[in-house]
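Notes for the structure review
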Amino acid sequence: MALPLNQASPVFKEILAELALLEERMLAHPEALQDEQFIAETYKWIFSITQVAFDCFVWGDSTRPQFVDIVGPTKKWGGDNTDAFYQYCPIDPARTYWVRGRSGDAVYLSLTVYGGPNDGRYSERIIGSLNDRELDVNDRGEFRFWISATPQDGPGILLEADAVAAITRDYLADPTNGERTRWQIACVDDCAPWRETPEDLTRRMTAALTWIRDQAAIVPIPLGVRNRVDPPYPVPSTTFGWAAGDAAYAMGSFGLSSGQSLVLRGVSPECAFWNLCCWNPYLHTYNAAHDRVSINSETIQLEADGSWEIVVSDHDPDHPNWVCTQGHSEGLLWFRWFLPATTPAPIRVEVRG
């Protein structure tokens, strides 16, 4: 029996074909690493971006929005962070939303609204953001604010015509045992009766496909000069994609032979929170369930003068600030400082062994 005509069928087949191509394309990429862990992480990265694409674009609903996880222990892509949870929901710039939350054990939290194309491509700019320093958080950790094209009472974010999405961030000193921030969002406008249509589903699936393709065009990224950390750059005035607008960053890389360690020394400015994560070329953190593959401002042991020393290596160097590479002989180092009082000073690097 012939199947009924289905507008979504061609893009469905395109998605399947694209996923099949990603395996070969990523593993044959000029920046691909030649080791078994990179191959294994390739498949996990493909699964992560596909899951996020479907959650954000196929299932997302700006009239009955809900926050969905896009970064966490089982979603590794785009510069994920072992200390953080990120959530996403679509935004309609013509509507009014109220957001409620409870901070839990977060040492920093924020919500950012992004503007740009509404077709699966990355956002182009930040429309507005609020962090916990700007919100009225009560003794129970509860807060409330609005997102709307028209001003409302209390704190909020004023929408512009190209607003497409909101992303939350909450950072925990102990993400394994700490309580996450609880985020809720509600659209307060009247909505027409909802019906699924082939046209709308096709549009959503096409956006998911576009997003998968765009992510695949970014990675794997080159590691550059090994055993170096570039000078930190200040909180940006403009951002690309879903980056935060209130953090300073520094990127580096390591390339270590058996028995070698990379020693990092620096001083961090006063800030809400900072950390260092190890990434592979997919901007994908290592497995924090088994080893300490990152370190943050709450867990690091400082020197008497307030400076710090971090040792990055595969073997345990009997150092309180050891970050494990989990058998990766080369990879990326990523520092970020939220709400820094000043731009962080350059980080000194030394190879031992």
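All values derive from a computational prediction rather than experimental measurement.

With respect to topology, 4 strands assemble into an open sheet ordered β16-β15-β12-β18, the strand pairing being mixed. Each end of this open sheet is capped by a strand with a single partner; those strands are β16 (322-324) and β18 (348-352). The average undirected angle you get between the axes of adjacent strands in this sheet is 25°. Across 5 bridges, the pairing between strand β12 (residues 261-266) and β18 is antiparallel. Of the residues in β18, the one forming a bridge with Ser-261 is Arg-352.

Counted by the stated rule, this structure contains 20 salt bridges. Between Glu-179 and Arg-182 there is a salt bridge, with the nearest N and O atoms lying 3.3 Å from each other. Residue Arg-265 is joined to Glu-309 by a salt bridge in which the shortest nitrogen-to-oxygen separation is 2.9 Å. Residue Arg-265 is found in strand β12, and its partner Glu-309 is found in strand β15 (residues 308-313); the two are separated by 44 residues along the sequence. What makes Glu-309 buried here is its relative accessible area of 13%. Within the structure, one salt-bridge network assembled from shared partners comprises Glu-14, Glu-18, Arg-25 and Arg-213.

Okay, the nonpolar core next. Trp-45, Ile-70, Trp-77, Tyr-88, Trp-211 and Trp-242 are the most contacted members of the largest nonpolar core, which totals 52 residues. The element that contributes the greatest number of residues to this core is helix α2 (residues 36-58), accounting for 9 residues. Residues contacting Trp-45, with those up to four places away along its chain left out, are Met-26, Lys-76, Trp-77, Gln-215, Ala-216, Val-219, Tyr-282 and His-284.

Before going further, it helps to examine the layout of surface pockets. Of the pockets and cavities examined, the largest pocket occupies roughly 720 Å³. Residue lining of the largest pocket: 36 residues in total, with Lys-76, Tyr-286, Asn-287, Ala-288 and Ala-289 positioned closest to the centre. For the lining of the largest pocket, the secondary structure elements donating two or more residues are α2, β2 (84-90) and β14 (294-296). With 7 residues, the top contributor of residues to the lining of the largest pocket is α2. Of the residues contributing to the lining of the largest pocket, the split by class is 12 nonpolar, 16 polar and 8 charged.

Before going further, it helps to examine the sheet that holds strand β9 (residues 182-187). Paired through backbone hydrogen bonds, the strands of a sheet run either parallel or antiparallel to each other. Strand order in this open sheet of 4 strands is β7-β6-β3-β9, and the pairing throughout is mixed. What marks the edges here is a single partner per strand, and that holds for β7 (156-158) and β9. Neighbour-to-neighbour, the strand axes of this sheet turn through a mean angle of 15°, independent of strand direction. Examined bridge by bridge, strand β6 (residues 142-148) and β7 share 3 bridges and lie parallel to one another. Of the residues in β7, the one forming a bridge with Ile-147 is Ile-157.

Conventions used here
Residues numbered from 1 in each chain as written. Predicted model: local features only at pLDDT ≥ 70, side-chain atom pairs only at ≥ 80, totals over all residues. Heavy atoms only, no water. Pairing = 2+ DSSP bridges. Helix = DSSP H or I, 4+ residues; strand = E, 2+ residues; numbered from the N terminus. Axes fitted to C-alpha atoms, helices over the stretch in contact; angles between N-to-C directions. Salt bridge = Lys/Arg side-chain N within 4 Å of Asp/Glu carboxyl O. Buried < 20%, exposed > 50% of the residue type's maximum accessible area, 1.4 Å probe, protein only. Core = buried A, V, L, I, M, F, W, Y, C linked by side-chain atoms within 4.5 Å. Contact = heavy atoms within 4.5 Å. 1 Å grid on protein atoms, 1.4 Å probe; cavity = no way out; pocket = protein on both sides within 12 Å on 5 of 7 lines; lining within 4 Å. Points joined across faces, edges and corners; volume = space filled by probe spheres on them. Nonpolar A, V, L, I, M, F, W, Y, C, P; charged D, E, K, R; others polar.

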